[in-house]
Amino acid sequence: MRMERVGRLLSTRRYRQCRALFAQPLQAHLALSGLKKGPFELEFRQGGRLAFPPFRKVRSMWRFLLEDPQRVASLRVEDGVIRFGFDGSTFGVRPDSYDYPIFSEIFEHDVYRLAQLPRPIGTVIDLGCNVGFFSARVAQQGAARVIALEPVARNRELAQRNLQGAGVADQVELLPYACAGTSGQIVRMHLSRDNTGAHSMDGAMAGIEGEAGAEEAETISLADLFERQQIDRGRS
């Protein structure tokens, strides 16, 4: 690990990228070489300043973002989100979140084997779609229709932008519900401090890595979701 850090520090390619991207390239180069302990901030030349957790938490994200010249050229900061191009789409991730690891699982490593789904793909239901990566990918793979539920407002806003950036917003219906056994209840969604994929109606689950408040959401049952969306259950 120490040699890897030295390699990043001595990389002229990495420093040229920092000069192109950041208002203070030397400080950025040191931070992205892993030489700064603790959280750090980066100011982008095209506008925007973002705070990052310690480098060990974002090392893989920055490796991905900087490995492709076209991806580097596409980097933008909008409303606290890093936006980048990938395979003809534009996606956004928050630096203080689990957004990138989720993106990586779905788009880089296809851990759900979406590319292997039998065709045609009919209706897909995504319960707790987070920032929309699974919904976007399965829609790109040819799903006729995707019903995506995301009760947390900040996740849902970014999901909508990611679906638009993927060119599949017309295939995905994004709904603000939490899935539960009974429809029409107002529940508290407990927000995880460090894991934006762990927001939950279960406070203990969300609080494993520290709770960051809560917000209210309306519930919908699977039975009512199927009925309202006129989804065929495929029963004989």
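Located above this text is the structure these notes cover.
The text that follows walks through the structure, step by step, so that each part is easy to find. (Residues numbered from 1 in each chain as written. Predicted model: local features only at pLDDT ≥ 70, side-chain atom pairs only at ≥ 80, totals over all residues. Heavy atoms only, no water.)

### Topic: the sheet that holds strand 8 (residues 172-175)
In space, the three strands of this open sheet follow the order 6-7-8, with parallel pairing throughout. Strands at the two margins of the open sheet, each flanked by one partner only, are strand 6 (123-127) and strand 8. Each strand axis lies, on average, 15° off the axis of its neighbour in the sheet, ignoring direction. (Pairing = 2+ DSSP bridges. Helix = DSSP H or I, 4+ residues; strand = E, 2+ residues; numbered from the N terminus. Axes fitted to C-alpha atoms, helices over the stretch in contact; angles between N-to-C directions.)

### Section: the packing of aromatic side chains
Counted according to the given criterion, the structure contains 19 aromatic pairs. Considering the side-chain rings of Phe-103 and Phe-107, the 5.0 Å spacing of their centres and the 15° angle between planes classify their relative orientation as stacked. Taken as a pair, Phe-103 and Phe-107 lie in helix 6 (residues 99-108) at a separation of four residues, close to a single helical turn. This pair shows no difference in class: Phe-103 is buried, exactly as Phe-107 is. Of the aromatic side chains, those joined through ring pairs into one cluster are Phe-64, Phe-84, Phe-86, Phe-91, Tyr-100, Phe-103, Phe-107 and Phe-133. In this arrangement the basic side chain of Arg-71 is found over the ring face of Phe-64, its NZ or CZ atom lying 4.0 Å from the centre. (Phe/Tyr/Trp six-rings, centres within 6.5 Å; stacked < 30°, edge-to-face > 60°. Buried < 20%, exposed > 50% of the residue type's maximum accessible area, 1.4 Å probe, protein only. Lys NZ or Arg CZ within 6 Å of the ring centre and 35° of its normal.)

### Structural notes on the packing of helix 4 (residues 55-66) against helix 6
Between helix 4 and helix 6, whose axes approach to 10 Å, the crossing angle comes to 50°. Taken as axis vectors, helix 4 and helix 6 run oblique relative to one another. Crossing of helix 4 over helix 6 shows left-handed handedness. Along its contact with helix 4, which presents Ser-60, Met-61 and Phe-64, the element helix 6 presents Tyr-100, Phe-103 and Glu-108. (Parallel < 35°, antiparallel > 145°, perpendicular 65-115°, else oblique. Left-handed = near helix turned anticlockwise from the far one by under 90°. Contact = heavy atoms within 4.5 Å.)

### Overview of the packing of helix 6 against helix 7 (residues 133-140)
Where helix 6 meets helix 7, the closest approach of the two axes is 9 Å, and the angle between their N-to-C directions is 20°. Judged by the inter-axis angle, helix 6 sits roughly parallel to helix 7. Crossing angle aside, the handedness with which helix 6 passes helix 7 is right-handed. Contact with helix 6, carried on its side by Asp-99, Ile-102, Phe-103, Ile-106 and Phe-107, involves Phe-133, Phe-134, Ala-136, Arg-137 and Gln-140 of helix 7 and no other residues of that element. Residue composition of the contact of helix 6 with helix 7, grouped by class: seven nonpolar, one polar and two charged. (Nonpolar A, V, L, I, M, F, W, Y, C, P; charged D, E, K, R; others polar.)

### Focus on helix 6
Of the residues making up helix 6, those classed as buried are Asp-99, Tyr-100, Phe-103, Ser-104, Ile-106 and Phe-107. Positive phi appears at Asp-110, one or two residues downstream of helix 6, with a value of about 45°.

### Focus on the sheet that holds strand 5 (residues 89-93)
Strand order in the open sheet formed by three strands is 3-4-5, and the pairing between neighbours is antiparallel. The sheet terminates laterally at strand 3 (76-78) and strand 5, the two strands that pair on one side only. Mean inter-strand twist for the sheet, computed between neighbouring axes without regard to direction, equals 35°. As paired elements, strand 3 and strand 4 (residues 81-86) share three bridges and run antiparallel to each other. Among the inter-strand pairings, Glu-78 is bridged to a residue of strand 4, identified as Val-81. Of the strands in this sheet, strand 4 and strand 5 are in contact with helix 4, which crosses strand 4 at around 45°.

### Some words on the pattern of salt bridges
Per the stated rule, a full pass over the model turns up six salt bridges. Across the salt bridge formed by Arg-94 and Asp-99, the nearest N and O atoms sit 2.8 Å from each other. On the basis of relative accessibility, which here comes to 3%, the residue Arg-94 falls in the buried class. Salt bridges sharing common partners tie together Glu-41, Glu-43 and Arg-49. (Salt bridge = Lys/Arg side-chain N within 4 Å of Asp/Glu carboxyl O.)

### So, the pairing of strand 7 (residues 145-149)
The element strand 7 is largely enclosed, with a buried count of four among its five residues. When strand 6 meets strand 7, the two strands line up parallel, connected through five bridges. Bridge pairing in strand 7 places Ile-125 opposite Ile-147. In the classification by handedness, the crossover that spans strand 6, the intervening helix 7 and the parallel strand 7 is right-handed. In the sheet, strand 7 pairs with strand 8 via four bridges, with the strands oriented parallel. Considered in strand 8, the bridge of Ile-147 is made with Glu-173. Regarding the hand of the β-α-β motif, the stretch spanning strand 7, helix 8 (residues 153-165) and strand 8 is right-handed. (Right-handed = clockwise from strand over helix to strand, strands pointing away.)

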